[in-house]
Amino acid sequence: MLRNGWYSENYTASAKASVEQDAVFGSAKQGRLSTAAGADYAEAAAIVIQSDDQAGRVYELAGDAAFTLDEYASFLSAASGEKVVYNDMPQGEFSSVLTSIGLPQGLAEVLADSDVGASKGGLFDDQRALSALIGHPTTPIQDSIREALT
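Below: a short report on this structure.

### Re unusual backbone geometry
Inference 1: Of note, Asp 22 is a non-glycine position whose phi angle comes to about 60°, a positive value.
Inference 2: Non-glycine residue Lys 29 carries a positive phi angle of around 50°.
Inference 3: Relative to the helices and strands, Lys 29 is located in the loop between strand 2 (23-26) and helix 3 (38-49).

Have a look at this one:
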C-alpha cells in the first residue's frame with residue numbers, strides 16, 4: 001500500500017494565479033509541508049508494482065524537503081521576479097476565498113481543513129521513505145514551481 005503525502009501540484013497548479021495576485025492564501029500558519037511531485041509518486045508506484053516482495057507492506061511517502069507557505073511564497077517570488085507574500089487567514093475565511101474562485105463548497109472546506117491540519121504538523125514527514133524507494137532525492141518544490149510558471 002502506498003500512502004502518498006501531499007502533492008506539490010496541489011500548490012503549483014495555482015502558481016501563476018498566486019504570482020498574478022501577489023499572494024498565496026492559506027491557513028497553515030508556519031506548518032511544514034513535505035510535498036512531492038506526482039512524478040515521484042508515480043515512479044514509486046511503478047517500482048512497487050514490478051516488485052515481488054511487496055505483499056502486506058505499507059509505505060508512508062512524502063517529499064524530502066519540507067517548506068512553509070511563507071517559504072513557498074518566497075520561492076514563487078524568486079522564480080517569477082515578482083513579490084509574492086503568504087496571507088495566512090482563519091479557516092473559514094480561507095474556505096470562503098476558495099469558494100469565491102469557483103471551488104465547490106465541500107472541496108473548499110476540505111482544503112481549508114487540510115491547511116489547518118498542516119499548521120499542526122499533519123503534512124510534515126522527515127522519514128525520506130519516498131526517496132529511499134525511488135533511489136534518488138524527490139523533486140524540490142522550486143523545480144515544480146519553475147515548471148508550473150513556464
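### A few points about the packing of helix 4 (residues 69-80) against helix 8 (residues 141-149)
Inference 1: Taken N-terminus to C-terminus, the directions of helix 4 and helix 8 make an angle of 50°; their axes are 10 Å apart at the nearest point. When the axis of helix 4 is compared with that of helix 8, the two are oblique. Here helix 4 and helix 8 pass one another in a crossing that is right-handed. Along the contact surface, helix 4 presents Tyr 72, Phe 75, Leu 76, Ala 79 and Ser 80, while helix 8 presents Ile 141, Gln 142, Ile 145, Arg 146 and Leu 149.
Inference 2: Taken together, the residues of the contact of helix 4 with helix 8 break down into 7 nonpolar, 2 polar and 1 charged.

### With respect to the packing of helix 5 (residues 91-100) against helix 6 (residues 105-119)
Inference 1: Where helix 5 contacts helix 6, the axes come no closer than 8 Å and their chain directions differ by 140°. The orientation of helix 5 relative to helix 6 falls into the category oblique. The element helix 5 and its partner helix 6 pack so that their crossing is right-handed. Residues Gln 91, Phe 94, Ser 95, Leu 98 and Thr 99 of helix 5 lie in contact with helix 6, whose contacting residues are Gln 105, Ala 108, Glu 109, Leu 111, Ala 112, Asp 113, Asp 115 and Val 116.
Inference 2: In the contact of helix 5 with helix 6, the residues fall into 6 nonpolar, 4 polar and 3 charged.

### Overview of the side chain of Gln 54
Inference 1: Along the chain, Gln 54 falls in the loop between helix 3 and strand 3 (59-61).
Inference 2: Judged by relative accessible area, which is 14%, Gln 54 ranks as buried.
Inference 3: A distance of 3.0 Å separates polar atoms of two side chains, one belonging to Gln 54 and the other to Asp 53.
Inference 4: One polar contact links Gln 54 to Tyr 59, side chain to side chain, over a distance of 2.6 Å.
Inference 5: In contact with Gln 54, not counting residues within four places along its chain, are Val 48 and Tyr 59.

### Some thoughts on the packing of aromatic side chains
Inference 1: For the coordinates displayed, the defined rule picks out 4 aromatic pairs.
Inference 2: Ring geometry for Tyr 11 versus Phe 67: centroids 6.4 Å apart, planes at 80°, classification edge-to-face. Taken together, the positions of Tyr 11 in helix 1 (residues 9-12) and Phe 67 in the loop between strand 3 and helix 4 put the pair 56 residues apart, joining distant regions of the chain. Taken individually, Tyr 11 and Phe 67 each receive the classification buried, so the pair is uniform in this respect.

The rules behind each value
Residues numbered from 1 in each chain as written. Predicted model: local features only at pLDDT ≥ 70, side-chain atom pairs only at ≥ 80, totals over all residues. Heavy atoms only, no water. Helix = DSSP H or I, 4+ residues; strand = E, 2+ residues; numbered from the N terminus. Axes fitted to C-alpha atoms, helices over the stretch in contact; angles between N-to-C directions. Parallel < 35°, antiparallel > 145°, perpendicular 65-115°, else oblique. Left-handed = near helix turned anticlockwise from the far one by under 90°. Contact = heavy atoms within 4.5 Å. Nonpolar A, V, L, I, M, F, W, Y, C, P; charged D, E, K, R; others polar. Buried < 20%, exposed > 50% of the residue type's maximum accessible area, 1.4 Å probe, protein only. Polar contact = N/O pair within 3.5 Å; in protein donor to acceptor, adjacent residues only side chain to side chain. Phe/Tyr/Trp six-rings, centres within 6.5 Å; stacked < 30°, edge-to-face > 60°.

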